[in-house]
Every structure is written in structure tokens, then in C-alpha cells.
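Residue strings, one per chain:
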Amino acid sequence: MDDIEVTPSSTGRPAEIMRSGHNACPGCAQAIAMRLILRTLGGRTIVVVVPACAAIIAGQFPRTSLNVPVFLAAFETAGASAAGISNALKYKGQDDIIVLALAGDGGTFDIGLQSLSGAADRNEDFIYVCMDNEAYMNTGIQVSSATPRYTWTGTTPTGNPRRKKQIMEIMAAHRIPYAATASIGFPEDLMRKVKRAKEMRGTRFIHLLSPCPTGWKMAEDLTAKIGTLAVETNIFPLYEIEDGLFYRINHYSRGLPVDDYLSLQGRYDHLTQKEIHDIQAETDRTWKDLQAKADRGKY
Amino acid sequence: MRGCMPARRFSHECRNMKKFITGNDAVAEGVRLCRTQIVAAYPITPQTPIYEKLSDWDACGELGGRMMRMESEHSAMAACLAASLTATRTFTATSSQGLALMHEMLHFASGCRAPVVMACVNRSLAIPWGFWSDQTDTLAQRDTGWIQIYSENNQEILDSVIQAYRIAESVLLPCMVILEASFISHFMEPVEIPEQDLVDKFLPPANLPLRFDVERPAFIAPVVNQTEYRDYRRLSQEAMELSLNVIDGIDHEFDGIFDRKYGLIETVDTEDAELVIVTSGSITSTARVAQVRIREKGFKIGLLKIRVFRPFPSEILREALKHVGKIAVIDRNISLGSEGIFCSELKAALCDGPAGSKIQGYLAGIGGTNVSPELIERIAFDAFNREHPTVRSIWMT
């Protein structure tokens, strides 16, 4: 794994853009991810957040946890707002400033998909991180199209009948220069991907799995473990896609049974053996498909 | 004062070129002359020729700014807002459904005090589907905190675009300039295209507040508490009130450079009038003809055009109409369940005024139907002869 270079402060510790003290719930993966992402991008960054946990974590007037300019834009406009800022910066010749959009799964998979698709189609110059906690957590745990099958939410009390939308395939279909998955269980991998995205231009998309103790009904000290198990069970593999075509798997998992991941989360308490079996089968199929794509290599 | 354009000074006449163009092209000319830096747009009939014209100039390197070809009006306004907050001069154009889709973002733009300028071509809102002139689309956005300027003809819409940037950037409120489908958007008229150096003199280079400054980071548009929300609303209302004087001052300044002025309102022969017809937009031109004819028949009739609808020039209207017994308001729009919207607003402005004027509303031209001088004469004589106004506006067919 590449070394992670971050701007050091005078004490030798990495210079943090995100301050201590924020509004995240205890054990929130997003707060950790935001800290790592911003540390990697540095201070010459403008952040667009939309109604999402990221907006809450960023603070309520007159307090903010982020020491860079932040804009709390409309829910469905992360893509369009980031594009507006990056075009204005280009007009003004300030190409060195990075525009970072932070949206949740609802703001990306559902209501924000159109503006993200439009921006990706135009290959607008920004980094977009979807912080996926697999439901509308900010409004108190309602189903989104990022919610996995059979999952309990406040609006799917007997389990979600739909399957999780494959956002990475959607983004790959736009042939954007860079798309990657990341998990809070693999922080160095996340920072390497952010660093890689920072060095590129055009629309760069990172799909980050963000375990949510509140919404996933899990213990607050299990965030990193569950983020790791998501990868090690192949529920959420780590990979990159260049130009929408070239897949590279970043971590070959230990292939643990999905139940190791599911059983730690209260949102899956109601699962039957058949449902667990279904999830395992689908996970295996998806993992095989991903391997086949990666095996094609670059052509 | 008579309604027509004032006589021009010769010094300018030889400098400024006249072109025979549509209202849409006049808007595009204005946007180019204002050295707009970011254009984000999405096609919709009947606005599309504005977007196409700007794209043509972009393609041949004459636009000067950057074009963003968006995937919806909602995103177009989101991009304009974000670019405006990044201290660039922005523009978009839309109509009817597109404006309705933008509604959420209109509140964002005014709440962020972003001086975005937008041209809206009035078009009937579905359902039923139609492509015709009807003001309900823009009037339905009256509470979004945007300055609204309604234009009567192609020259006025070009001039209003130029004025709109000065106004918006002076008071930090977004401004929509409004032209009607077909009658202005697609009809051709001779339009004086101002010289670039005169526009530059009137409208200095964009100097907008930079909200996203990496050297001095700030959180733009965070969540606030109840009292902070109320206080922000109050500040926006104060800016709206302040803009009445600003719009007037900028109009005078514009007159000094270009020899044309429009006012917040315009009055024609109202001094001795027993009846004043109130209009907006292109119907005003037709009403000018009817008003002269009715005067020639010996009736004391005046005309009042409302150009600036937000902020509503209540005090100015009260003063202009304080002696007038009867007022007939013509609306090419309707607030369903109530009446014509200009009529409602005028009644509210005059309700406790000194004249106790009798105000009768008339719905004419809705859905882009034709409003002839004869129709306006019928309205005038109905109003002259009517003892008591009806509660609701009268449908004219």
C-alpha cells in the first residue's frame, strides 16, 4: 500500500481540517471518514454537503467542525452545486482548489442521482464521496435504494423487499475517470484512494460504506470491526474502476460467511435462515462477477 | 408623462446599432454585454433560443464566460447559485415547467443573497399543456425573495437584463426579468444594441462577495435556530424594501447613459383620469393604443403600467392613484380560487388609501389568447359604467 502523505503540523502530527468536537453520534463511521478524507485533501478544499449526516457533523450555526469553506446545498444538488463551484473556480483560474461533495446514500442513490448523473456526464471536476449508511439515517432510519435486501428500517419494518442499487455500476456507465469503493475498516486504503482522486481531474467518485451504530442497531465500539467484516465477507468489496471499464480489486477477502457480518447488527435480527442463505448466494454471485471484471485487466 | 420612449440625444444615436431581433435574442444580447461569467441552462420552449444564442457565441469564443449545459432547470439554478457564491456573475433562463421545477432553488438563491440573474419567458403552466403567454408561472414565484421586473417589449427586456445585474449586485438579491411567450420572446422588433463601452461604464466588472474563501473559511447556509431564522428573513425583507430606491436610482443612471428609462411604474395621462387601466407586460402596448382612442372619444382615462412587481411599489402606486375613482386591472394570470394577481396586490396596496378607489379586476389574455385594443376598450367602458366592483375578476373573452 502506498505511503500516505499528509501535511504535517508543527507538532509533527497530521494537520487536521476537521476539528475535535462535532455533532456525530458516538461510533459514527462518517465522522472518522470525513476526518481522514479532509486530512488527505488539505486546506485548499471547498466542501459541498447536502442534507445528510455529513451536514449535521459539520455543525450548526455558529459552530462548525470543518476548517475549510462549507456550503450546505439543497438535498438533490450535490453534483450540480459542486459543478457550479468548480466552473466558477475554473473561470477565475483557481484550478488548484479542490471541490469535494459529501452526500449520503439518499442524496446519491435516490434524490441526488439526476444531478450527479448530469455532472458525471459532463465530467465536472470534483471529488464526490457518497457516505453510504444504507438508509435515511438523518431523518431517523427510513429505507433508501441503498438499503440491502431484508434490512429492517423504520419504513420496512418487516425487512426491505428490494435489493441494493448498484451505484458503482451506474457511475461506471458514465465512464468517469475514477470510481472506487472504500470502507472505514480500511482507513489506509480510503486515504490512498482519496489521494489518488486528488491527483486526477474530472468526476471522481468514492463509494464509502459507513457503518451506523444508530441505524444498524449495533454497538458503538464495533464500527471499525463491522466495516472490516463487510469487506472480509465480500458484502462490500474494495475495488477501483478507471474510465468506467478497468476494474481492480484492492483487497482479496478471507471469504468469511455473511452471517459473521449480519449477526452483529440488530437491523438483521429478524432474518430467517433462508434469507441469510439468499444474502450469501447473492454476495457470492456479485463477488464472482466483480472478479470476472477485474480479470479482464486493462485492454 | 406620455408612455413612449423619450427623444434621443444625437450623440448616442450615431454610436448605438439597431438590430431587428426577437425578445429572446435581446435577452441574449444583454447577457453577453454584461460579460456574464457563468451561464447554466436547460432547454424549454419558448426560452430555448436564448440558450442557443448564448451557445453559438460560446462556440465561436464570443461569450467570454463558461457555459454549463445542465440536465435540468433545478440543477441549472443550483449551479448558478453555487457559482454566484464563488463570486462569479451568473445567468440562466427558463419558462413555466422549468421555473416550477426550480422553485426550491429560488428560495436558496435569495436566502443566500446571491445576485443571480434569470430571464423567465412567461408560458402557460400544464395542465392543460400549452406554449402560450401567461404570467401565472412567474407570479407563482412571488414569495421566493426574487426581484421581479416585467417587460413590455424587446428593447425593454434587453435594457432590463443590463439593469438587473446592477440591481442584483447592489442589493445582493437575485433578479428575474420577465418577457412573455411569443409576443416578446419570438416577435421581432428594432432594438438598439448598446455599445459595449457604455455597458461597461454602467455595469462595472463583477465584484461579488467571495463566500468560499480557503484563506478565511466559513460555513455557508448552515442550520440556524428560530430567532436567527427570523432575523435573516427580516434582513432579506429590508433588502427588498431598500431595493425600491436602488432600482429607481439605477434606472435614472441608465437613462443618463442610454437615454431610456422605465421606472418602477409608468403612468400615462393619469393626472385628470376618472378611470385608470392597470397593465403589465406586452398588454401595456395594446392598452396604449386603446387609451388614446378612448381619450379621443372624450373620456378621461389614464394608463398605469406596473413594471416592478417584487418588491411591490405600494407607496408609489398609492401616490400615483390617490385621486383616481375607478381602477381597472387587467391580468394575464389567475390565482385560482382568488382573482388576478396584479389586482389582488393592487387592492392590498390601496385598501386603506385616501381615494377609496373602486378596483375592478379583468382576466384577459390568459393562455396566450389575444388582447386587442377593442377588448381593452370593452374593459374600459365596463369599468366606467360599473357602480360596484365584483368580488372576483371578470373573465373577458
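Remarks on the overall build of chain A
Thought 1: Check the secondary structure of chain A and you find 11 helices and eight strands.
Thought 2: Against the compact-globule benchmark of 19 Å for 299 residues, chain A has a radius of gyration of 18 Å, which places it among compact chains.
Thought 3: Taken along the three principal axes of its C-alpha coordinates, chain A extends 60 × 50 × 40 Å.
Thought 4: Among the 299 residues that make up chain A, the fraction classed as buried is 59%.
Thought 5: Here the contacts in chain A between residues at least 6 apart in sequence split such that 70% fall between residues at least 24 apart.

Description of the domain arrangement of chain B
All names here are of chain B.
Thought 1: As far as domains go, chain B holds domain 1 (10-258) and domain 2 (265-395).
Thought 2: Here domain 1 and domain 2 have C-alpha centroids that lie 27 Å from each other.
Thought 3: Domain 1 puts 26 residues into the contact, and the matching count from domain 2 is 26 residues.
Thought 4: Surface buried jointly by domain 1 and domain 2 totals about 2,200 Å² across both partners, of which 53% is contributed by carbon and sulfur atoms.

Quick notes on the side chain of Ser 185 of chain B
Residues and elements named next belong to chain B.
Thought 1: Structurally, the position occupied by Ser 185 is in the loop between strand E7 (175-180) and strand E8 (188-193).
Thought 2: Classification of Ser 185 by relative accessible area gives buried; the value is 1%.
Thought 3: Each residue touching Ser 185, except ones within four places of it in the same chain, is listed here: Thr 22, Gly 23, Asn 24, Pro 46, Val 121, Leu 179 and Glu 180.

Comments concerning the pairing of strand E2 (residues 38-41) of chain B
Residue and element names in this part refer to chain B.
Thought 1: Residues of E2 alternate between two faces, with Ile 38 and Ala 40 on one and Val 39 and Ala 41 on the opposite face, all of them buried.
Thought 2: Alignment of E2 against strand E3 (residues 66-69), held across four bridges, turns out to be parallel. Considered in E3, the bridge of Val 39 is made with Met 67.
Thought 3: Running through helix H3 (residues 48-59), the crossover from E2 to the neighbouring parallel element E3 is right-handed.

Details of the nonpolar core
Thought 1: The biggest cluster of nonpolar side chains holds 91 residues, and the ones touching the most others in it are Tyr 128 and Phe 205 of chain A together with Met 77, Met 118, Leu 304 and Ile 327 of chain B.
Thought 2: Broken down by element, the residue count for this core peaks at nine residues, all from helix H4 (residues 73-85) of chain B.
Thought 3: Looking at which domains feed residues into this core, each of domain 1 (10-258) and domain 2 (265-395) of chain B supplies at least three.
Thought 4: Contact partners of Tyr 128 of chain A, with chain neighbours within four places excluded, come to Ala 78, Gly 79, Ala 101, Ala 103, Gly 107, Thr 108, Leu 116, Arg 204, Phe 205 and Ile 206 of chain A.
Thought 5: Of all hydrophobic cores here, the second largest spans 54 residues; its members include Phe 91, Val 199, Leu 244 and Val 308 of chain B.

Some remarks on the pairing of strand E7 (residues 239-242) of chain A
All names here are of chain A.
Thought 1: Burial along E7 is two-sided: Tyr 239 and Ile 241 facing one way and Glu 240 and Glu 242 facing the other are all buried.
Thought 2: As paired strands, strand E5 (residues 178-183) and E7 are joined by three bridges and run antiparallel to one another. When the bridges of E7 are listed, Ala 179 appears paired with Ile 241.
Thought 3: In this sheet, strand E8 (residues 246-249) lies alongside E7 in antiparallel orientation, the contact comprising four bridges. By the bridge assignment for E8, Ile 241 is matched with Tyr 247.
Thought 4: Between E7 and the antiparallel strand that follows it, E8, lie three residues; Asp 243 among them carries a positive phi value of about 50°.

Concerning the layout of surface pockets
Residue and element names in this part refer to chain B.
Thought 1: Empty space within the largest pocket amounts to approximately 840 Å³.
Thought 2: Looking at the largest pocket, it is lined by 22 residues, and the ones nearest its centre are Gly 111, Cys 112, Ala 221, Pro 222 and Tyr 232.
Thought 3: Put simply, the parts of the chain that give the lining of the largest pocket at least two residues each are helix H5 (96-111), strand E9 (219-220) and helix H9 (226-258).
Thought 4: Looking at the lining of the largest pocket, the element that brings in the most residues is H9, giving five residues.
Thought 5: Its residues placed into classes, the lining of the largest pocket shows 16 nonpolar, three polar and three charged.
Thought 6: Here the second largest pocket is characterised by a volume of approximately 670 Å³.

A closer look at the sheet that holds strand E4 (residues 90-95) of chain B
Residue and element names in this part refer to chain B.
Thought 1: If you walk across this open sheet you meet the seven strands as E3-E2-E4-E5-E7-E6-E13, and the pairing is mixed. Every interior strand has two partners, whereas the edge strands, E3 and strand E13 (308-310), have only one. When the angles between neighbouring strand axes are averaged without regard to direction, this sheet yields 20°.
Thought 2: Two elements, E2 and E4, share two bridges in a ladder whose sense is parallel. Note on E4: the bridge partner recorded for Ile 38 is Thr 90.
Thought 3: Contacts from H3 reach E2, E3, E4 and strand E5 (117-122), with the element oriented near 135° to E3.

Quick word on the packing of helix H7 (residues 154-171) of chain B against H9 of chain B
Residues and elements named next belong to chain B.
Thought 1: Remark: H7 packs on H9, axes separated minimally by 9 Å, with the N-to-C direction vectors making an angle of 135°. Between H7 and H9, the interaxial angle falls into the category oblique. The two elements H7 and H9 cross, and the hand of that crossing is right-handed. Facing Asp 159, Ile 162, Gln 163, Arg 166, Ile 167, Ser 170 and Val 171 of H7, the residues of H9 in contact are Ala 239, Leu 242, Ser 243, Val 246, Ile 247, Ile 250, Asp 251, Glu 253 and Phe 254.
Thought 2: In terms of residue class, the contact of H7 with H9 is made up of nine nonpolar, three polar and four charged.

Brief notes about the sheet that holds strand E15 (residues 358-363) of chain B
Residues and elements named next belong to chain B.
Thought 1: Pairing within the open sheet is mixed, and its six strands lie in the order E10-E12-E11-E14-E15-E16. Each having just a single partner strand, strand E10 (265-268) and strand E16 (394-395) make up the two edges of the open sheet.
Thought 2: Together, strand E11 (275-279), strand E12 (301-306), strand E14 (326-331) and E15 form the strand contacts of helix H12 (residues 341-350), whose direction differs from that of E14 by roughly 145°.
Thought 3: Against the sheet, helix H13 (residues 373-385) engages E11, E12, E14, E15 and E16, with an angle of about 145° to E14.

Brief notes about the interface of chain A and chain B
Thought 1: On the side of chain B, 41 residues touch chain A, which itself brings 37 residues to the contact.
Thought 2: Summed over both partners, the interface of chain A with chain B comes to about 3,000 Å²; 67% of that surface belongs to carbon and sulfur atoms.
Thought 3: Interface area lost by chain A to chain B is led by Phe 61, Phe 71 and Tyr 91 of chain A, which between them contribute 21%.
Thought 4: Summed over the shared surface of chain A and chain B, the number is two salt bridges.
Thought 5: A salt bridge links Arg 122 of chain A to Glu 71 of chain B; the nearest nitrogen and oxygen atoms lie 3.1 Å apart.
Thought 6: Linking chain A with chain B are 11 residue pairs in polar contact (both at pLDDT 80 or more).
Thought 7: Elements with a contribution of two residues or more to the side of chain A that touches chain B: strand E1 (45-49), helix H2 (53-58), strand E2 (70-72), helix H3 (78-91) and helix H5 (113-121) of chain A.
Thought 8: The greatest single-element share of the side of chain A that touches chain B, amounting to 10 residues, is contributed by H3 of chain A.
Thought 9: Class assignment for the residues of the side of chain A that touches chain B results in 18 nonpolar, 13 polar and six charged.

Digging into H13 of chain B
Residues and elements named next belong to chain B.
Thought 1: With 13 residues, H13 should cover 18 Å at 1.5 Å per step; its first-to-last C-alpha distance of 18 Å lies within 8% of that length.
Thought 2: Within H13 the residues assigned to the buried category are Pro 373, Leu 375, Ile 376, Glu 377, Ile 379, Ala 380, Ala 383 and Phe 384.
Thought 3: Where H13 is buried, its residues contact E11, helix H10 (283-296), E12, E14 and E15.

Rules used throughout
- Residues numbered from 1 in each chain as written.
- Chains lettered and ligands numbered in written order.
- Predicted model: local features only at pLDDT ≥ 70, side-chain atom pairs only at ≥ 80, totals over all residues.
- Heavy atoms only, no water.
- Helix = DSSP H or I, 4+ residues; strand = E, 2+ residues; numbered from the N terminus.
- Rg over C-alpha atoms; globule rule 2.2 N^0.38 Å.
- Buried < 20%, exposed > 50% of the residue type's maximum accessible area, 1.4 Å probe, protein only.
- Contact = heavy atoms within 4.5 Å.
- Domains from an automatic or database assignment.
- Buried area = accessible area lost by both parts, 1.4 Å probe.
- Pairing = 2+ DSSP bridges.
- Right-handed = clockwise from strand over helix to strand, strands pointing away.
- Core = buried A, V, L, I, M, F, W, Y, C linked by side-chain atoms within 4.5 Å.
- 1 Å grid on protein atoms, 1.4 Å probe; cavity = no way out; pocket = protein on both sides within 12 Å on 5 of 7 lines; lining within 4 Å.
- Points joined across faces, edges and corners; volume = space filled by probe spheres on them.
- Nonpolar A, V, L, I, M, F, W, Y, C, P; charged D, E, K, R; others polar.
- Axes fitted to C-alpha atoms, helices over the stretch in contact; angles between N-to-C directions.
- Parallel < 35°, antiparallel > 145°, perpendicular 65-115°, else oblique.
- Left-handed = near helix turned anticlockwise from the far one by under 90°.
- Salt bridge = Lys/Arg side-chain N within 4 Å of Asp/Glu carboxyl O.
- Polar contact = N/O pair within 3.5 Å; in protein donor to acceptor, adjacent residues only side chain to side chain.
- Expected span 1.5 Å × (residues − 1).

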